[in-house]
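If you want the building blocks of each chain, they are given just below.
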Amino acid sequence: MIHITYAAEQKGLAEQIRDDLTGAFETAPPLLIVLVSAASNQDPVVAAEIARARQSGAQLLPILTENVTLPETLEYEKPLNFAAGYQRASLLRRLSQLTMTSREVRQANQRALLAIGAIAAVMFGLAIMGILSGLVAFPVAEYNEEATFQSLWIDGLIRETLEYVQPRSTDDARNFAATLEAAPTRLYYYVRGTATALPRTQGE
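Rules of the game
Residues numbered from 1 in each chain as written. Predicted model: local features only at pLDDT ≥ 70, side-chain atom pairs only at ≥ 80, totals over all residues. Heavy atoms only, no water. Helix = DSSP H or I, 4+ residues; strand = E, 2+ residues; numbered from the N terminus. Buried < 20%, exposed > 50% of the residue type's maximum accessible area, 1.4 Å probe, protein only. Contact = heavy atoms within 4.5 Å. Areas by Shrake-Rupley, 256 points an atom, 1.4 Å probe, with all protein chains shown as cover. Arc of directions from axis to C-beta. Polar contact = N/O pair within 3.5 Å; in protein donor to acceptor, adjacent residues only side chain to side chain. Salt bridge = Lys/Arg side-chain N within 4 Å of Asp/Glu carboxyl O. Core = buried A, V, L, I, M, F, W, Y, C linked by side-chain atoms within 4.5 Å. Pairing = 2+ DSSP bridges. Axes fitted to C-alpha atoms, helices over the stretch in contact; angles between N-to-C directions. 1 Å grid on protein atoms, 1.4 Å probe; cavity = no way out; pocket = protein on both sides within 12 Å on 5 of 7 lines; lining within 4 Å. Points joined across faces, edges and corners; volume = space filled by probe spheres on them. Nonpolar A, V, L, I, M, F, W, Y, C, P; charged D, E, K, R; others polar.

Trainee: What exactly am I supposed to notice about the overall build of the chain here?
Mentor: For the chain, the helix and strand inventory stands at 9 helices and 4 strands. Starting at the N terminus, the α and β elements of the chain follow one another as β-α-β-α-α-β-β-α-α-α-α-α-α. Expressed as a percentage of its 204 residues, the buried residues of the chain come to 28%. At a minimum sequence separation of 6, the contacts of the chain that also span at least 24 residues come to 64%. With the model as given, the accessible surface of the chain reaches about 13900 Å², and the carbon-plus-sulfur share is 58%.

The following block contains the structure:
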């Protein structure tokens with residue numbers, strides 16, 4: 001979509017450009033054409049249009065209609081100079097270049113995404129084949145080592161304290177709610193887990 005922003009005195013040129021571009025670039029990327037003049041450099045509406053285009057990621061094409069300096073918001077853009085008169089062919093040629101560049105970028109991005117997707121699919125397939133063939137195995141030893149560490153941690157930090165609060169009999173189980181409420185916070189889940197486990201292992 002091509003939009004034109006300009007000061008009021010440039011309306012005639014803007015309409016001529018709009019007529020020349022109608023139907024010529026229906027698939028053009030978002031583009032803001034800025035007709036630059038002394039008046040447009042002072043126009044807050046034009047400044048707002050430029051800022052909005054920047055925020056949306058649209059391309060900018062300044063066209064000098066007078067020999068003036070580009071505003072700071074456009075100083076890094078390459079302008080067309082129509083100060084000596086409108087040049088339709090130059091405008092169409094520049095827009096063709098912009099459109100081609102955007103299309104090439106999109107195509108390159110699509111090719112990159114397809115390549116990354118293909119690599120990911122191949123890697124996933126190789127991983128599945130490795131697991132099924134036994135070449136790749138889950139790190140059971142590491143899991144066991146972690147489980148052992150956790151068990152030792154519980155024994156060292158919790159088990160000794162847990163001995164005094166865990167239920168040992170049917171009566172303890174009946175009073176379990178009060179016992180659980182009085183237990184330290186770090187023991188809560190461990191004490192709760194012993195409510196029926198220990199009496200059951202003791203045959204009660």
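More follows now that the structure is in view.
Trainee: Even after reading the chapter, I still don't get helix H1 (residues 11–21), so can you show me in this structure?
Mentor: Think of an α-helix as 3.6 residues a turn; residues three or four steps apart then line up on the same face. Buried within H1 are the following residues: Ala14, Ile17, Asp20 and Leu21. The buried residues of H1 occupy an angular sector of 125 degrees when projected down its axis, which confines them to one face. Immediately beyond the C-terminal end of H1, within one or two residues, lies Gly23, with a positive phi of roughly 80 degrees.

Trainee: Where do I start with the side chain of Asp20 in this structure?
Mentor: Tracing the backbone through its elements, the reader meets Asp20 in helix H1. When its relative accessible area of 19% is taken as the criterion, Asp20 is described as buried. Within the structure, Asp20 has its side chain in polar contact with the side chain of Tyr86 (distance 2.6 Å). Beyond its immediate chain neighbours, meaning those up to four positions away, Asp20 contacts Tyr86, Arg88 and Leu92.

Trainee: Help me understand the pattern of salt bridges, please; the structure alone is not making it clear to me.
Mentor: Following the criterion strictly, the structure yields 3 salt bridges and no others. For Glu49, the salt bridge goes to Arg52, with nearest N and O atoms at 3.5 Å. Of this pair, Glu49 and Arg52 both sit in helix H3 (residues 44–56), separated by 3 residues, roughly a single helical turn. With a relative accessible area of 18%, Glu49 lands in the buried category. Taking relative accessible area as the criterion, Arg52 reaches 48% and is therefore assigned partly exposed. Residues Glu77 and Arg54 are paired through a salt bridge, measuring 3.0 Å at the closest nitrogen-oxygen approach. Highlighted residues: Glu77 in the loop between strand E3 (59–64) and strand E4 (80–81) and Arg54 in helix H3, separated in sequence by 23 residues. What makes Arg54 partly exposed here is its relative accessible area of 41%.

Trainee: When you look at the nonpolar core in this model, what are you seeing that I'm missing?
Mentor: Inside soluble globular proteins, nonpolar side chains tend to come together where they are buried. Ile17, Leu21, Ile33, Leu35, Leu61, Ile63 and Leu91 are the most contacted members of the largest nonpolar core, which totals 14 residues. Here Ile17 is in contact with Ile4, Ile33, Leu35, Ile63, Tyr86 and Leu91, once residues within four sequence places are set aside. Core analysis: the second largest hydrophobic core is formed by 11 residues, Ile50, Ala58, Leu60 and Leu74 among them.

Trainee: How should I be thinking about the sheet that holds strand E2 (residues 31–36) in this particular structure?
Mentor: Pairing within the open sheet is parallel, and its 4 strands lie in the order E1-E2-E3-E4. Whereas interior strands pair on both sides, the edge strands pair on one side only; in this sheet they are strand E1 (2–5) and E4. Alignment of E1 against E2, held across 4 bridges, turns out to be parallel. Bridge pairing in E2 places His3 opposite Leu32. On top of the sheet, H1 reaches E1, E2 and E3; it is set at about 150 degrees to E2, its chief contact. Each of E1, E2 and E3 touches H3; the most contacted strand, E2, lies at about 150 degrees to it.

Trainee: I'm lost on the layout of surface pockets in this one. Help?
Mentor: Using a probe with the size of a water molecule, rolled over the atoms, empty space left in the structure can be pinpointed. One number sums up the size of the largest pocket: a volume of about 150 Å³. Taken together, Met1, His3, Pro30, Leu31, Leu32, Glu49, Arg52, Ala53, Ser56 and Ala58 make up the lining of the largest pocket. Only E2 and H3 provide two or more residues apiece to the lining of the largest pocket. Examining the composition of the lining of the largest pocket, we find that 4 residues originate from one element, H3, more than from any other. Here the residues of the lining of the largest pocket sort into 6 nonpolar, 2 polar and 2 charged.

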